Amino acid sequence: MKILAINAGSSSLKFKMFEMPEEIVIVSGLFERIGIDGSGYTIKINGEKIKKEVELKNHEDAVKYLIEELIENEIISSLDEIEAIGHRIVHGGDKYADSVIITDEVLNDIESFSSLAPLHNPANVLGIKAFQKLVPKATVVGVFDTAFHQTLEEKDFLYGVPYEWYTKYKVRKYGFHGISHKYLANYMEKKLGKKEFKLITCHLGNGGSISAIKNGKCIDTSMGFTPNAGILMGTRAGDIDASIIPYIMEQTGMSLDEVMNSLNKESGFLGVSGVSSDSRDIEEGILENNQRCILTHQMFVKSVVSYIASYYVLLGGVDAICFSAGIGENSSKVRKDIIEALSVLGIKLDEEANNVRGKEALITTSDSKISCYVIPTNEELMIAKDVYNLVK
Ligand code: AMP
């Protein structure tokens, strides 16, 4: 069965087509700068890259080109061969704890959650509508980034604010990156060969989050009401004292929008280092003895270690910790410094095994009390699996 996994942003559309249940990637690609000058796409088929500059006025244009390429390259002979399409949806509110087939009611819900995710849900809806129009026979499935965290209990998802903020305005922790955390939890369940296990998953990318998982269910996660909570990130501040916001508005004359933009796009690695949001640049800065890059790295490691330590206690011990996403999969320095800071828990790094990039590895010694792994995440495959399970 051919299944498309789609991740639509406001000006981009990423896709991967799988043959399921074999989990074979047939084709993947990215449409960029939709609605902006200089738009185009890159598609990878059988290791070969096709790159074209074309005008993409909207998401529908992108879907039209995608269909054309699929037919021209004989990946499909007719649209009927695309049986199902799974869309990554950022916010499923507190209603969706699992992936669902998208009906008119679900689509209305996704639109209504736009107030909670104004940058993401409207773009996800554009993607869904474009495919519904151009591939009308395919079953459409929504796979929510918040769903995996819906198992949090009230004591874990509530903030210490007036209770009515929750009941009237839905202010609570939702958590994000759920598709990735779920993928890692499923992967580790198979790897550990048991259903009862305690796991901490560290998705460390440009955005980053950490989850505590007990027997496959998420019991806490570091992102919150929005993705701008938890650990230090590429451009996001993570956890801060809310009182900083009115104080900076008063001191600088910045508007609320400007301060929030700064907390989302000019903070984190970029804000602290003054150099870059990219961890590779921070690591280069450290080699050049740039003090602010050193500080950024120390703050990042501390924020990750604090969450891991707190989840260790919350879970009552841990069987395994896994590192994933751009930084988690690639930076041996970040993993080394995190693991060494956790040595009080009896974790012992295997330096040689830790010298790995982008592939699965056990990076702790055989006498380490907790096993740490590098596990490349695969959100698109998680989407395709959920879709397959719903439509098969
Ligand atoms: P993601 O959001 O998962 O794509 O991750 C992006 C982050 O991963 C950026 O901060 C990159 O600098 C980082 N990253 C990617 N490759 C490497 C690498 N080889 N070494 C260190 N960091 C990397």
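Throughout what follows, the structure given in this document is the object of discussion. Please read all numbers here as calculations on a predicted model, not as lab measurements.

## Structural notes on the environment of Q132
Within the secondary structure, Q132 sits in helix α3 (residues 121–134). On a C-alpha basis, the gap between Q132 and A341 in space is 50 Å, while along the polypeptide they are 209 residues apart. With residues up to four places along the chain from it excluded, the contact list for Q132 reads L107 and V140.

## Brief notes about the packing of aromatic side chains
Enumeration over the complete set of coordinates arrives at 11 aromatic pairs. Where F15 meets F31, the ring centres are 6.0 Å apart and the plane angle is 40°; that geometry is what we call tilted. In this pair, F15 sits in strand β2 (residues 13–19) while F31 sits in strand β3 (residues 24–32), placing the two residues 16 residues apart along the sequence. Comparing F15 with F31 shows no difference in burial state: the two are buried. Ring plane angle 70° and centroid distance 5.8 Å describe the contact between Y163 and Y166, whose orientation is recorded as edge-to-face. A residue pair is termed a helical-turn pair when its members lie 3 or 4 positions apart in one helix, as Y163 and Y166 do in helix α5 (residues 163–169) at 3 residues. Among the residues examined, Y166 registers a relative accessible area of 18% and is labelled buried. Through successive ring pairs, a cluster of aromatic residues spans F15, F31, Y41 and Y65. The positively charged end of R172 is found above the aromatic ring belonging to F157, 3.6 Å away from the centroid.

## A word on the layout of surface pockets
It is a probe the size of a water molecule, rolled over the atoms, that shows where empty space is left. For the largest pocket, the calculated volume is near 1,500 Å³. Listed by contribution, the elements that provide at least two residues to the lining of the largest pocket are β1 (2–8), α3, α8 (256–265) and α14 (379–391). Of the residues contributing to the lining of the largest pocket, the split by class is 15 nonpolar, 22 polar and 8 charged. Of the pockets and cavities examined, the second largest pocket occupies roughly 780 Å³. Lining of the second largest pocket is provided by 22 residues; of these, Y159, F225, N228, A229 and A242 occupy positions nearest its centre. Looking at the lining of the second largest pocket, the elements with two or more residues in it are α8 and α11 (291–315). Tallied by class, the residues present in the lining of the second largest pocket amount to 14 nonpolar, 5 polar and 3 charged.

## Section: the pairing of strand β6 (residues 82–89)
Where burial is concerned, most of β6 is hidden: 7 out of the 8 residues are buried. In terms of strand pairing, β1 meets β6 through 5 bridges, oriented parallel. Looking across to β6, one finds that I6 is bridged to H87. Where β6 lies against strand β8 (residues 139–144), 6 bridges are found, and the strand directions are parallel. Bridging from a neighbouring strand, I85 pairs with V140 of β8.

Reading guide: rules and limits
- Residues numbered from 1 in each chain as written.
- Predicted model: local features only at pLDDT ≥ 70, side-chain atom pairs only at ≥ 80, totals over all residues.
- Heavy atoms only, no water.
- Helix = DSSP H or I, 4+ residues; strand = E, 2+ residues; numbered from the N terminus.
- Contact = heavy atoms within 4.5 Å.
- Phe/Tyr/Trp six-rings, centres within 6.5 Å; stacked < 30°, edge-to-face > 60°.
- Buried < 20%, exposed > 50% of the residue type's maximum accessible area, 1.4 Å probe, protein only.
- Lys NZ or Arg CZ within 6 Å of the ring centre and 35° of its normal.
- 1 Å grid on protein atoms, 1.4 Å probe; cavity = no way out; pocket = protein on both sides within 12 Å on 5 of 7 lines; lining within 4 Å.
- Points joined across faces, edges and corners; volume = space filled by probe spheres on them.
- Nonpolar A, V, L, I, M, F, W, Y, C, P; charged D, E, K, R; others polar.
- Pairing = 2+ DSSP bridges.

The values reported here are purely geometric and, on their own, carry no functional implication.
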